[in-house]
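# A structural walkthrough
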Amino acid sequence: QIDQLKLILSGLEAAFGTRVYRSSEVTKEEIKELRHSAISVQADIDMGINYLIIHYFYPEFIIGEENLQQGQIDRVGFLYTLILRDMNLQRKLDLLKKLNHHYQIDPTIFSLITEASTIRNDLAHPLDENVKKYLTKGALQKSYFTLVKTISDFRAAFEQAKNK
């Protein structure tokens, strides 16, 4: 049944999903793949920022530990449910910047996250003027480079920060 639904969805995407951009060096499929990559990178970063913010307020919450006590789970759930869940990435990033005196994350990572977020926003809301920025091979390569650098640098910073 999942395969049938995927097939129906792919037919709808083909009918309505992506426009043909004349004089484009990249294909619709390449734009779609970039969109998926940008969404994936932003989701990972969003989750990592959530962990760092929770860890700051509840240092006993050890990122990646599976044997949390019920009191820890309740406090983390409270912070996430009432505050973090409804915050957009930019607000979470602003909060993390304010907490950076503790974590000492390289500030260039914050601008990389903003660049990656711009790529995701442009492709998730595909107005012509947004998508046109990505229609050359050079722009496509630069976008992938930004996404790779962003997630790589963030993961390295995350690993260092989670031990503080």
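Residues numbered from 1 in each chain as written. Predicted model: local features only at pLDDT ≥ 70, side-chain atom pairs only at ≥ 80, totals over all residues. Heavy atoms only, no water.

### Some details on the overall build of the chain
- Each helix and strand counted, the chain has eight helices and zero strands in total.
- The N-to-C order of helical and strand elements in the chain reads α-α-α-α-α-α-α-α.
- Residues counted as buried form 35% of the 164 residues belonging to the chain.
- Sequence separation of at least 24 residues holds for 72% of the intrachain contacts in the chain that already meet a minimum separation of 6. (Helix = DSSP H or I, 4+ residues; strand = E, 2+ residues; numbered from the N terminus. Buried < 20%, exposed > 50% of the residue type's maximum accessible area, 1.4 Å probe, protein only. Contact = heavy atoms within 4.5 Å.)

### Observations regarding the nonpolar core
- Counting residues in hydrophobic clusters, the biggest one holds 37 residues, and the most contacted among them are Ile45, Ile49 and Ile105.
- For this core, the elements supplying multiple residues, two or more each, are α2 (28–57), α3 (70–82), α4 (89–98), α6 (108–124) and α8 (137–161).
- Here the element with the most residues in this core is α2; it accounts for nine residues.
- In this view, isoleucine 105 contacts Leu52, Leu96, Asn100, Phe110 and Ala157; residues no more than four positions away in its chain are not counted. (Core = buried A, V, L, I, M, F, W, Y, C linked by side-chain atoms within 4.5 Å.)

### Some details on the packing of aromatic side chains
- Throughout the structure, instances matching the rule amount to four aromatic pairs.
- Ring geometry for tyrosine 51 versus phenylalanine 158: centroids 6.5 Å apart, planes at 50°, classification tilted. Of this pair, tyrosine 51 sits in helix α2 while phenylalanine 158 sits in helix α8, and the two are 107 residues apart along the sequence.
- A centroid spacing of 5.2 Å and a plane angle of 90° characterise the contact between tyrosine 56 and phenylalanine 57, whose relative ring orientation is edge-to-face.
- Classification of tyrosine 56 as partly exposed rests on a relative accessible area of 26%.
- An aromatic cluster of at least three residues, connected via ring pairs, comprises Tyr51, Phe154 and Phe158. (Phe/Tyr/Trp six-rings, centres within 6.5 Å; stacked < 30°, edge-to-face > 60°.)

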